[in-house]
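Take a look at the letters that make up each chain.
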Amino acid sequence: MALALAAAAAVPGLAAAQSQCTPVLDGLKTPVGSLLSHQGNLLVAESGDGSAGSGRISVVDRHGKRRTLIDGLPSAPSDVGTPSGPSGLYLDGVTLFVAIGTGDTGILGPRPGTTVPNPNGASSPIFSSVLALTYSGAAERKTTGFTMTPAQQASLAKGRVVVLHDGHGHLMLARMVTNFPEYVPSPIPGVPDNISLSNPFGIVGRGASLYVTDGGRNLAWRVGRWTGSRSEFVQFPNVPNPLFPQVGGPMIQAVPTGINVSKNGKLLVSLIRGAPFPTGVSSIEQIDPVTAKDVPLISGLTTAIDTAPMRGAHGPLLVLEMAASGPFFSGPGTVLRFDAPDVAPQPVADCLVRPTSMTLDESGRSLYVTEEEGSLIRIAYP
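Residues numbered from 1 in each chain as written. Predicted model: local features only at pLDDT ≥ 70, side-chain atom pairs only at ≥ 80, totals over all residues. Heavy atoms only, no water.

Asker: Go over a nonpolar patch on the surface with me, naming the residues and quoting the values.
Answerer: The grouping of Val-161, Val-163, Leu-171 and Leu-173 at the surface amounts to a nonpolar patch, some 330 Å² of accessible area in total. Among the structural elements, Val-161 can be located in the loop between helix 3 (150-157) and strand 14 (162-165). Owing to a relative accessible area of 55%, Val-161 belongs among the exposed residues under this scheme. (Patch = residues over 30% accessible without salt bridge, like charges linked within 9 Å, V, L, I, M, F, W, Y side chains within 5 Å. Areas by Shrake-Rupley, 256 points an atom, 1.4 Å probe, with all protein chains shown as cover. Salt bridge = Lys/Arg side-chain N within 4 Å of Asp/Glu carboxyl O. Helix = DSSP H or I, 4+ residues; strand = E, 2+ residues; numbered from the N terminus. Buried < 20%, exposed > 50% of the residue type's maximum accessible area, 1.4 Å probe, protein only.)

Asker: I'd like a rundown of the sheet that holds strand 20 (residues 219-224), residues and numbers included.
Answerer: Strand order across the open sheet formed by four strands is 18-19-20-21, with antiparallel pairing between neighbours. Each end of this open sheet is capped by a strand with a single partner; those strands are strand 18 (200-206) and strand 21 (230-235). Neighbour to neighbour, the strand axes of the sheet diverge by 25° on average, direction disregarded. Strand direction decides the pairing type here: strand 19 (residues 209-214) and strand 20, joined by six bridges, are antiparallel. Looking at the pairing, Thr-213 lines up with Ala-220 of strand 20. (Pairing = 2+ DSSP bridges. Axes fitted to C-alpha atoms, helices over the stretch in contact; angles between N-to-C directions.)

Asker: Give a detailed account of the nonpolar core, specifying residues and quantitative values.
Answerer: Within the largest apolar cluster, 28 residues are counted, with the highest numbers of intra-cluster contacts made by Ile-57, Ile-70 and Leu-96. The set of elements that each furnish at least two residues to this core consists of strand 3 (42-46), strand 4 (55-60), strand 5 (66-73), strand 8 (86-92), strand 9 (95-100), strand 12 (129-135), strand 14 and strand 15 (171-179). Excluding residues within four positions of it along the chain, Ile-57 makes contact with Val-44, Ala-45, Glu-46, Thr-68, Leu-69, Ile-70, Leu-73, Leu-89, Leu-96, Val-98 and Leu-133. With 26 residues, the next largest nonpolar core counts Val-255, Ile-305, Met-358 and Ile-379 among its residues. (Core = buried A, V, L, I, M, F, W, Y, C linked by side-chain atoms within 4.5 Å. Contact = heavy atoms within 4.5 Å.)

Asker: Any details on the state of the cysteines? Residues and values, ideally.
Answerer: Evaluated as defined, the whole model comprises one disulfide. With its sulfur 1.8 Å from that of its partner, Cys-21 forms a disulfide with Cys-351. Between Cys-21 and Cys-351, the S-S dihedral sits near 60°, and the bridge is therefore right-handed. Taken as a pair, Cys-21 in the loop between helix 1 (2-9) and strand 1 (22-25) and Cys-351 in strand 31 (residues 346-352) lie far apart in primary sequence, 330 residues in all. (Disulfide = S-S within 2.5 Å.)

Asker: For the side chain of Ser-34, give the residues involved together with the corresponding values.
Answerer: Relative to the helices and strands, Ser-34 is located in strand 2 (residues 31-36). Among the polar contacts listed, one links the side chain of Ser-34 to the side chain of Ser-357, at a separation of 2.9 Å. At 2.8 Å, the side chain of Ser-34 forms a polar contact with the side chain of Thr-359. Ignoring sequence-local partners within four residues, the contact set of Ser-34 consists of Leu-42, Leu-43, Val-44, Leu-89, Ser-357, Met-358, Thr-359 and Thr-370. (Polar contact = N/O pair within 3.5 Å; in protein donor to acceptor, adjacent residues only side chain to side chain.)

Written out as structure tokens, the structure reads:
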């Protein structure tokens, strides 16, 4: 996923926002995930600017005013140089579950497409993890921001519960749900110390389990939300690269990104697919949360990164593409509406620049989209 963001950022001349996109807010720090809170606010996970402690979660109200919910979260340059930190969000009652990306646990290897362990070690012990943050509705409405210190990050990594204070009488309890292995060995000829990083991206809950996509290891995890137990739930295979041998290697990795629960209770996983990000190889997978059976729901997409189910058991599905054409993100970001998986989609918007997540506010008739460069966009939607 970090490679996807880096490649998109390198493409000049992507389409400027058109009338269908209304800017709401600028200045977010690499926003990656978002959701609508019980208070009607938008919560945005920001991976930071790559400096230590610059990761944060923001509260954005319906007027576009931003406040900090919590900052001081880890951030560091990933192996391809883009900031990595807080990514996916899932809210259950008064507890916000946060997926934390790979950070700087790995660095670029001796040749493109390879990664080796950071010889200095990761700058935070809670990279590649899931945190649980518990706080009150009053805290969300009134806080001017909680701050997590490096010492508190170390305490979380040791399994301790951390109590945060915002200076105005509000409390937040933080605990680490699970800490994934930072990486697994993945030796290749000429690079015996090559690794595959654990890079949590999207997160959703169903029953007693959390489901977390891992864009580094091309799988989805199942995690006990209270026990922290984890297992590799679904492994997504590579697919042939239709541009080989002219561009890229013979195979393309899956790179799972967004994950949501459909109206029928199945998991929807967006597979953005890896470099060279050709047109038409991305897909939305439908996974049974009990049996782990994985079937393609929508194919022929390009760099799909998120979904948003609409009302009704068989309601339409919105799909967010980071770019509508390839290779290497050569088109604008788009939102497509699928009334049925096997029916041609209706275009909703094609005015986005490197979108990373979307949140549908049906009561407010709005679709909110975060863009990698730091913008929040509103799309009026019936």
